[in-house]
Amino acid sequence: MDISPGEALRWLQRESGHAVRVPVAVIGTRTPTASQAAVAERMGALLAGHGVTVLCGGRSGVMEAVCRGVDGAGGLSIGLLPDDEPGAANPYVTVPLATGIGVARNALIARAALCLVAVGGGYGTLSEIAFALQFKRPVFLLDGAPAVEGAMRCTDADEALERVARVFLAL
């Protein structure tokens with residue numbers, strides 16, 4: 001019986017009794033297009049639906065969209081905020097962590113994640129991608145994310161989920 005990496009991920013995270021607790025980071029622009037917001041929300045819903053914890057910057061734009069998707073699927077999102085107070089988080093973050101370190105939190109997001117999915121983005125997203133690649137974390141690019149050598153472009157959230165699943169399963 002053949003199963004897809006996504007099905008294996010769902011089994012690992014939901015039924016095996018040995019779920020991987022290291023989160024997947026979803027990063028991206030604070031000013032997404034409608035398409036980017038939809039892709040980020042779908043990515044959040046897919047990850048949460050497979051039992052994956054999502055890490056993001058916890059603020060607006062792609063970060064809010066991914067958290068909305070996670071929330072709608074009953075999952076867990078962690079917002080690693082640049083701010084001093086947890087109240088700066090978007091309303092869909094499950095666990096807001098106020099760091100007070102500004103954009104230096106980008107390095108923490110890249111280091112803490114098993115892999116990263118970027119949706120659109122500018123300089124902040126580019127810095128997270130660069131840190132992730134330096135830390136040997138796989139990076140998957142969606143919908144206008146900056147192209148960086150070593151990161152892998154995906155056509156849609158479903159393909160990104162399959163690639164994330166392969167990271168979890170060490171395939």
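Student: Break down the packing of aromatic side chains for me, citing the residues and quoting the values.
Tutor: All chains considered together, the criterion is met by 1 aromatic pair. The interplanar angle of 15° and the centroid separation of 6.0 Å between the aromatic rings of Phe-131 and Phe-135 together place this pair among those described as stacked. Look at Phe-131 and you get partly exposed, because its relative accessible area is 30%. Look at Phe-135 and you get buried, because its relative accessible area is 17%.

Student: Please provide a residue-by-residue account of the layout of surface pockets, values included.
Tutor: Estimates place the volume of the largest pocket at around 290 Å³. Forming the walls of the largest pocket are 18 residues, and the residues nearest its centre are Gly-28, Arg-30, Met-63, Arg-105 and Gly-124. The set of elements that each furnish at least two residues to the lining of the largest pocket consists of strand E1 (24–28), helix H4 (105–112) and helix H5 (123–134). Per-element tally for the lining of the largest pocket: the top contributor is H5, with 4 residues. The residue makeup of the lining of the largest pocket, split by class, is 6 nonpolar, 8 polar and 4 charged.

Student: Break down the packing of H4 against H5 for me, with residues and values.
Tutor: The interhelical angle for the contact between H4 and H5, taken along N-to-C directions, is 45°, at an axis separation of 8 Å. It follows from the interaxial angle that H4 and H5 lie oblique. Between H4 and H5 lies a crossing whose hand is right-handed. On H5, the residues that touch Asn-106, Ala-107, Ile-109 and Ala-110 of H4 are Gly-124, Ser-127, Glu-128, Phe-131 and Ala-132. Looking at side-chain class alone, the contact of H4 with H5 contains 5 nonpolar, 3 polar and 1 charged residues.

Student: Can you break down unusual backbone geometry residue by residue, with the values?
Tutor: Of note, Asp-143 is a non-glycine position whose phi angle comes to about 45°, a positive value. Within the fold, Asp-143 resides in the loop between strand E6 (139–142) and strand E7 (152–153). The partly exposed category is assigned to Asp-143, whose relative accessible area is 28%. The phi dihedral of Ala-170 is positive, around 55°, even though this residue is not glycine. Taking relative accessible area as the criterion, Ala-170 reaches 69% and is therefore assigned exposed.

Student: Can you explain the pattern of salt bridges? Please cite residues and give values.
Tutor: Taken as a whole, this structure holds 5 salt bridges when the rule is applied. Asp-83 is paired through a salt bridge with Arg-59; the nearest N and O atoms lie 3.4 Å apart. Here Asp-83, found in the loop between strand E3 (77–81) and strand E4 (95–98), pairs with Arg-59, found in the loop between strand E2 (54–56) and helix H3 (62–72); they are 24 residues apart in sequence, far enough to count as distant. On the basis of relative accessibility, which here comes to 33%, the residue Arg-59 falls in the partly exposed class. The partner of Glu-159 in a salt bridge is Arg-163, and the shortest N-O contact between them spans 3.1 Å.

Student: Give me the lowdown on helix H6 (residues 157–168), citing residues and values where you can.
Tutor: A rise of 1.5 Å per residue sets the reference length of H6, with its 12 residues, at 16 Å; its end C-alpha atoms lie 16 Å apart and thus fit the reference within 8%. For H6, the secondary structure elements touched by its buried residues are helix H1 (5–14), E1, helix H2 (34–49), strand E5 (116–119) and E6. For H6, the N-terminal cap is Asp-156; the gap from its side-chain oxygen to the backbone nitrogen of Asp-158 is 3.2 Å. Trailing H6 by a residue or two, Ala-170 shows a phi angle of about 55°, which is positive.

Student: Which residues make up H3, and what are the values?
Tutor: Along H3, the positions that sit buried rather than exposed are Val-62, Met-63, Ala-65, Val-66, Cys-67, Gly-69 and Val-70. In this structure, the buried residues of H3 make contact with E1, H2, E2, E3, H4 and E5. Positive phi appears at Gly-74, one or two residues downstream of H3, with a value of about 75°.

Conventions adopted
Residues numbered from 1 in each chain as written. Predicted model: local features only at pLDDT ≥ 70, side-chain atom pairs only at ≥ 80, totals over all residues. Heavy atoms only, no water. Phe/Tyr/Trp six-rings, centres within 6.5 Å; stacked < 30°, edge-to-face > 60°. Buried < 20%, exposed > 50% of the residue type's maximum accessible area, 1.4 Å probe, protein only. 1 Å grid on protein atoms, 1.4 Å probe; cavity = no way out; pocket = protein on both sides within 12 Å on 5 of 7 lines; lining within 4 Å. Points joined across faces, edges and corners; volume = space filled by probe spheres on them. Helix = DSSP H or I, 4+ residues; strand = E, 2+ residues; numbered from the N terminus. Nonpolar A, V, L, I, M, F, W, Y, C, P; charged D, E, K, R; others polar. Axes fitted to C-alpha atoms, helices over the stretch in contact; angles between N-to-C directions. Parallel < 35°, antiparallel > 145°, perpendicular 65-115°, else oblique. Left-handed = near helix turned anticlockwise from the far one by under 90°. Contact = heavy atoms within 4.5 Å. Salt bridge = Lys/Arg side-chain N within 4 Å of Asp/Glu carboxyl O. Expected span 1.5 Å × (residues − 1). Polar contact = N/O pair within 3.5 Å; in protein donor to acceptor, adjacent residues only side chain to side chain.

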